[in-house]
Each structure stands twice: as structure tokens, then as C-alpha cells.
Amino acid sequence: MNEKKKLSGAAKASYGLGAVGKDMVYMLSASYILYYFQDILGVSAVAMGAILMAARIFDAFNDPIMGMVVAKTKTKFGKFRPWLLIGTVTNAIILYMMFTAPPTLSGSGLIVYAAVTYILWGVTYTMMDIPYWSMIPAFTEGGKEREGLTTLARSCAGVGSALITIVTVMSVSALGRMFGGNDITDREVERVGFSYFSLGVAVLFILFTVICCLNVKEKSTVDMDSPSIKEMFGALIRNDQAMAVVVAIVIVNCSIYITSNLVIYFFKYDFGGVDWRGAYTLFSTFGGGMQILAMMLLYPFLRRFFTSIKIYYISMGMAIAGYISLLALASTSMTNVYLLFIPGFFIFAANGMLSVITTVFLANTVDYGELKNGRRDESVIFSMQTFVVKLASGVSAFIAALSLQILALSNDTAETEAALDYSLGVSGMQKMGLRMTMTIIPIAGLLFAIFWFSKKYILTDEKIEEIASEIENKKKKIA
């Protein structure tokens, strides 16, 4: 019997590098596309909100379709790598086009350009993302090797997201000055800067994926399980506990994403100051670090003393406390960014733990469904996680954009662009409206999620052990 060859260190590193590149691209689009088109180019916030919501919902439904296409692919280079490379190259090109809108476009022409490029970006990203995660069984032997690689890739994806969060705003400003000159407006600096920055990210994305494709070989042909939309919703209808978790995920993510969409506007138009970019970067760096530490250290620590359900409520309480303290601090005349680390700690740490806990809860619903319905809908239920995250992303983007429209908050609001302190051109009413949108709406969403979850979710640790025991007994009887 031949000994199975273990995955090399180069292959693991290359696969992780691919995750860094793809999440750099994702974070750039997710965090800055609204800001780029609405604040810099002047596209209507309502129009952008509608585009972002429609595109993300379409993208969520597009995932299963792309999964079926990949599943039926057969080439001499394998099932996954051709789509991974094709999707990366096309997505990188669309990314650069999306952040390099022609200066001559305006009005409806710019809206159409934003809609077309963003929808195409979503389609091509799915073209690359689905095969990236689905190819793991094709070059690993399962067990610890597969789990370890998945953990590595998730960690590398977090690094990619964190890099973009930390460097984007300052890099855009520096590149805009470098290639646009010193005699242009700050808005033009950002427009030029985003073009060159997106080009750099796109090039790195292609380079990292090429390295991944060259060093990661598909050892075997695997049957890829790609559930349809009908199967996903069918599994939810059959499994009331999966429905409870999915609804909670949508509400929690919507609440938190609203704040993440608006935080750059808060620093630019409310917190203000000439060095608002530096303050935003510092806060984002702290927040990203806290989120990762909460996932890796805080959750495992708390799990020693509390059940997952109790940690869920602790996390929700932390997030609500963070939003209340953020509203209180923002309503004062404070100008010290380090004070914002207090609400930042609670909100980001809670978000990190919730991302782990909801995955655990979904896993629990698989066993529950097997006992209740006599079938394990594992792949179907976990496919719902990606679906609902994208759905929540679209809804939250629309709410954030709608609030910007109502508040009439954009670059045009600033009266002193030359001084670069945009907060001087914003009224107290506008600032308070922004603060309340970032805090009160998320608090209301989180309170509803707590109420919903407490009424619907019944899978305590004791119940899970009971279910596992019943399933084991059934298997023994069959055997």
C-alpha cells in the first residue's frame, strides 16, 4: 500500500497567498465602492444603494449557478484551477475599471457605469471564489491536513482584509498626490489615487493567484456538491433551528455592516480634522486587530467558562454597549481618537466572536436536522452562510446609502475643501443624524436578534449531546 504524500510547505504557503490576494480585492470593493462613487464622483447615494443591494442579492443567487458550472468542468489542468485563474484575471481587470471611472462621465452615464462594473465585479469574483474554496478536497488527503489548510486559508484571508483596511486611505492620498500633482482638489487626489491603488491591488491579486495555481496541484478528481437555491431554502423550511440561526446571522450582519459602511464618513465629516485619514487608519487597525484576537483568543478563553449560547448573549451585550458608548463619545467635543478605542473594543471583539459562534450554531443544526428529518443537509446549510452574508451586505449598503442621501452628506457638503477639514462644512444636525444611523439602527437590530434567538433557538449543550446520543443509537440499531 503506497504511503500518501503530504502537502508540501510551498503548496500550503501558495494556497494561503491566494487567500491574501482575493480578500484584498474583496475588502477594497466592499469597503470603498460606495465612498468612491458617492462621495468622490458624486453619484446619487440612493442610486448607489440600489445598485449595491441589487448586485449583492444577484451575486448571492449566482453562487449556486457558478458552483454547478465548476462541478461539470473537466480539463487537463483540473476542475478548479482554470476557473480560479480565469476568474482572477477578469476580476482584476474589472476591479481596475470600477475604480477608474472615465472623468468625462456624469449623471446617468456614471450610474450605468457603476452598475455594470459592480455587477460584473461580483460575477467574476464568484467565478474565482467558488473554485478556490471548493478545490481543497482535490489536493488534500482529508482529516487534520484539510482542517489545517482551511484554517490557514481563513487566517490568510483575514490578513488580506486587514491590509486593505489599514493602508487604503493613506495610500490613496499619497498616490493621488504623486501622480495627480499638488495643484488639484482633494477630491481629484482621491479619484486619481483610487485608480492607481486599485491597479496595484489587481496586479498583486493576479500574481498571488498564479503562484497558487503553479504550486497547488489537483491530485484527484472530486465530486463537488453544489446545492441549488431550491435545495438551500428547502433545507431551511425542513430545519427550524437552521432557520433560527440564518435569520439571526442576517440581522446581526446587517446591523454591524451598516456601521462599517459609514465609519469612513464619520471620520471625514464628524470627527474631522486635517488628519482625519490618519485617525481613520489608526482606528481601523485597532479594530481589525481586536476582531482577530477575539476569534483566536477571547472566544476560546470564554468557552472554558460559558456555553456558546451564553457567549452569544455576552457578545451581543458587548456590541450594544459599544454602540451606546460610541454615540455618547461622538456626541461630545472630544478629538482624541484613542477614546474611540473603547467602543471599538466592544464592537469589534463582539463581531469577531459572533463570526465564530454562528458557524458553531450552524454546525449544530446539521445534527438536529439529521435526527428530525433523517437526512444530513450539511453542504446545503453551510452554503446558506455565504448566501445570507451577501444578502446582509446588500441590505446594509442600501440602508447606509439611503441615510447619506437623507442627510445630504457628501463631498459637496464641505465648504472648506482647501483646508481639508470637511467637518467644518457639516451642520450639527447632519452629524447627529450620522451618529444615530451608525448606532441606534444597529442597536435596534441587535435587540431584535436577541429576542428572535431566545425564542427560536433550542440547541443547548445538553440538547446537542442528547441528539448525538440518539443518532448514535439509531446507527447501532441499523448496523
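Quick summary incoming for the structure in this document.

So, how was this worked out
Residues numbered from 1 in each chain as written. Predicted model: local features only at pLDDT ≥ 70, side-chain atom pairs only at ≥ 80, totals over all residues. Heavy atoms only, no water. Helix = DSSP H or I, 4+ residues; strand = E, 2+ residues; numbered from the N terminus. Expected span 1.5 Å × (residues − 1). Buried < 20%, exposed > 50% of the residue type's maximum accessible area, 1.4 Å probe, protein only. Disulfide = S-S within 2.5 Å. Axes fitted to C-alpha atoms, helices over the stretch in contact; angles between N-to-C directions. Parallel < 35°, antiparallel > 145°, perpendicular 65-115°, else oblique. Left-handed = near helix turned anticlockwise from the far one by under 90°. Nonpolar A, V, L, I, M, F, W, Y, C, P; charged D, E, K, R; others polar. Salt bridge = Lys/Arg side-chain N within 4 Å of Asp/Glu carboxyl O. Contact = heavy atoms within 4.5 Å. Polar contact = N/O pair within 3.5 Å; in protein donor to acceptor, adjacent residues only side chain to side chain.

1. A few points about helix α1 (residues 9-40)
The end-to-end C-alpha distance of α1 is 44 Å, a good match for the 46 Å that 32 residues give at a rise of 1.5 Å each. Counting buried positions along α1 gives 25 out of 32 residues, so the element sits mostly inside the fold. Once α1 finishes, G42 follows within two positions and takes phi at roughly 85 degrees, a positive value.

2. Things to note about the state of the cysteines
A complete count under the given rule lists zero disulfides for this structure. Distance from the sulfur of C213, which forms no disulfide, to the nearest cysteine sulfur (C212) is 5.4 Å.

3. Focus: the packing of α1 against helix α7 (residues 186-215)
For any two helices packed against each other, one specifies the inter-axial angle together with the distance between the axes. Interhelical geometry of α1 versus α7 gives an angle of 160 degrees and a closest axis separation of 8 Å. The orientation of α1 relative to α7 falls into the category roughly antiparallel. In the crossing of α1 with α7, the sense of the turn from one axis to the other is left-handed. The residue makeup of the contact of α1 with α7, split by class, is 20 nonpolar, five polar and five charged.

4. Brief notes about the pattern of salt bridges
Taken as a whole and assessed by the stated rule, the structure comprises 11 salt bridges. For D23, the salt bridge is made with K22, and the minimal N-O distance between the two is 3.0 Å. Using a relative accessible area of 13% as the deciding quantity, one classes D23 as buried. In this structure K22 comes out as buried when scored by relative accessible area, which is 3%. Across the salt bridge formed by D186 and R177, the nearest N and O atoms sit 3.7 Å from each other.

5. Structural notes on helix α3 (residues 81-98)
With 18 residues, α3 extends 25 Å between its outermost C-alpha atoms, agreeing within 8% with the 26 Å of an ideal straight helix rising 1.5 Å per residue. Within the span of α3, buried status applies to R81, P82, L84, G87, T88, N91, A92, I94, L95 and M98. Close packing links the buried residues of α3 with α1, α4 (107-134) and α7.

6. Comments concerning the side chain of K22
You can see K22 is positioned in helix α1. Here D129 takes part through its side chain, which lies 2.8 Å from a polar atom of the side chain of K22. Contact partners of K22, with chain neighbours within four places excluded, come to Y125, M128, D129, Y132, W133 and F205.

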